[in-house]
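Residue-level structure breakdown
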Amino acid sequence: MLEQLEKLDQELFLYLNEQQSPFWDNVMVTVSDKYFWIPFYLLLIGYIIWRYKLQSIPMLLMAVAGIGLADYVASGIFKPYFARLRPCHDPEISAMVNLVRGCGGQFGFLSSHASTGFALAVFFNLTLSDRYLIFKILLVTWAVMVSYSRIYLGVHYPGDTLGGALVGTGTAMLAVVGYRFWLRKYTRFQHKPLA
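Residues numbered from 1 in each chain as written. Predicted model: local features only at pLDDT ≥ 70, side-chain atom pairs only at ≥ 80, totals over all residues. Heavy atoms only, no water.

Another point: the overall build of the chain. Summing up its helical and strand segments, the chain has 7 helices and 0 strands in all. Secondary structure elements of the chain occur, N-terminal to C-terminal, as α-α-α-α-α-α-α. When the backbone C-alpha atoms are referred to their principal axes, the chain occupies close to 60 × 35 × 25 Å. Across the 195 residues in the chain, those meeting the buried criterion constitute 42%. Long-range contacts, defined as pairs at least 24 residues apart, comprise 78% of the intrachain contacts of the chain with a sequence gap of at least 6. Summed over all atoms, the accessible surface of the chain reaches about 11,000 Å², with 69% contributed by carbon and sulfur. (Helix = DSSP H or I, 4+ residues; strand = E, 2+ residues; numbered from the N terminus. Buried < 20%, exposed > 50% of the residue type's maximum accessible area, 1.4 Å probe, protein only. Contact = heavy atoms within 4.5 Å. Areas by Shrake-Rupley, 256 points an atom, 1.4 Å probe, with all protein chains shown as cover.)

See below:
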């Protein structure tokens, strides 16, 4: 059963990875670049601080905790434990991989990009009010695009990104529990709506 899943994962990877063009190469390299998103993160942090005042402290701290935990679980636990080669390092298929820019570390299960992206997206989907519905949809779309870019670039199997997304979702949910506990325990952090 496990061998069949791995074979399916390889076949799906090869299909998705061969959908290449010079235009999309540049787009996916940009989408996958963590430094490209720094202005977005800074704007998000600034808006949360402006909008939520004192409540932004536990919100941002628990968001960072959820994202950090997602990264640690993916890179610090899963990758060394499962030691699954990235497609670009896998001798069985590496010759067929369209590698756009660099292969990265030896192991790929789980994708840290997917785990941290989904941790951020899910945390804010669960903590922000429904008035931010469009922003919430955009966050999830962004997390999916970042995850897909890793397959496109030839550095992760679909299973790596799906597993990363599940871990990120789980750590985000834990962070939300911590955030809500913090708000209940310390009422001074509760948000007072803007006039």
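You can see Phe-36 is positioned in the loop between helix 2 (22-32) and helix 3 (38-52). You can call Phe-36 partly exposed: its relative accessible area is 43%. As a C-alpha pair, Phe-36 and Gly-68 span 32 residues in sequence and 19 Å in three-dimensional space.

A few words on helix 6 (residues 133-152). Spanning 20 residues, helix 6 covers 28 Å between terminal C-alpha atoms, matching the ideal 28 Å at 1.5 Å per step. The first or second residue beyond helix 6 is Gly-154, which carries a positive phi of 90°. (Expected span 1.5 Å × (residues − 1).)

A few words on the nonpolar core. Core analysis: the largest hydrophobic core is formed by 27 residues, its most contacted members being Ile-48, Met-59, Phe-123, Phe-124, Leu-128 and Trp-142. Secondary structure elements with two or more residues in this core: helix 3, helix 4 (56-82), helix 5 (112-127), helix 6 and helix 7 (158-185). With residues near it in sequence (within four places) discarded, Phe-124 still touches Leu-44, Ile-48, Met-59, Leu-60, Ala-63, Lys-136 and Leu-139. Leu-16, Cys-88, Val-155 and Tyr-157 belong to the second largest nonpolar core, which has 9 residues in total. (Core = buried A, V, L, I, M, F, W, Y, C linked by side-chain atoms within 4.5 Å.)

Here we take up the packing of aromatic side chains. Throughout the structure, instances matching the rule amount to 17 aromatic pairs. Considering the side-chain rings of Tyr-81 and Phe-82, the 5.0 Å spacing of their centres and the 85° angle between planes classify their relative orientation as edge-to-face. Look at Phe-82 and you get partly exposed, because its relative accessible area is 43%. Summarising the aromatic geometry, the rings of Phe-123 and Phe-124 are spaced 5.2 Å apart at their centres and angled 90° between planes, so their arrangement reads as edge-to-face. Of the aromatic side chains, those joined through ring pairs into one cluster are Phe-36, Trp-37, Phe-40, Tyr-41 and Trp-142. The ring of Tyr-52 carries the charged tip of Arg-51 above its face, separated from the ring centre by 5.9 Å. (Phe/Tyr/Trp six-rings, centres within 6.5 Å; stacked < 30°, edge-to-face > 60°. Lys NZ or Arg CZ within 6 Å of the ring centre and 35° of its normal.)

Our next topic: the pattern of salt bridges. Applying the stated criterion across every chain, the model contains 3 salt bridges. The salt bridge involving Arg-84 is made with Asp-9; its shortest N-O contact spans 2.9 Å. Of the two residues, Arg-84 sits in the loop between helix 4 and helix 5 while Asp-9 sits in helix 1 (residues 2-17), which places them 75 residues apart along the sequence. For the pair shown, Arg-84 and Asp-9 are each scored as buried. Two residues, Lys-136 and Asp-130, come together in a salt bridge whose shortest N-O distance is 3.5 Å. (Salt bridge = Lys/Arg side-chain N within 4 Å of Asp/Glu carboxyl O.)

The next thing to look at is the confidence of the model for the chain. Atom-level detail of predicted coordinates should not be read off regions where pLDDT is low. Mean pLDDT for the chain: 90, with 95% of residues reaching 70 or above. Highest mean pLDDT in the chain belongs to helix 5 (97); lowest belongs to helix 1 (87). (pLDDT = per-residue confidence, 0-100.)

Next up on the list: helix 5. The end-to-end C-alpha distance of helix 5, which contains 16 residues, comes to 22 Å, matching closely the 22 Å that a straight helix rising 1.5 Å per residue would cover. Helix 5 sits mainly inside the fold: 12 of its 16 residues count as buried. Along helix 5, the residues that are buried comprise Ser-112, Ala-114, Ser-115, Gly-117, Phe-118, Ala-119, Leu-120, Ala-121, Val-122, Phe-123, Phe-124 and Thr-127. Of the surrounding secondary structure, the elements contacted by the buried residues of helix 5 are helix 3, helix 4, helix 6 and helix 7. By the N-cap criterion, in which a side-chain oxygen at the helix start approaches the backbone nitrogen of a residue two or three places on, helix 5 is capped by Ser-111, the distance to His-113 being 3.4 Å. (Polar contact = N/O pair within 3.5 Å; in protein donor to acceptor, adjacent residues only side chain to side chain.)

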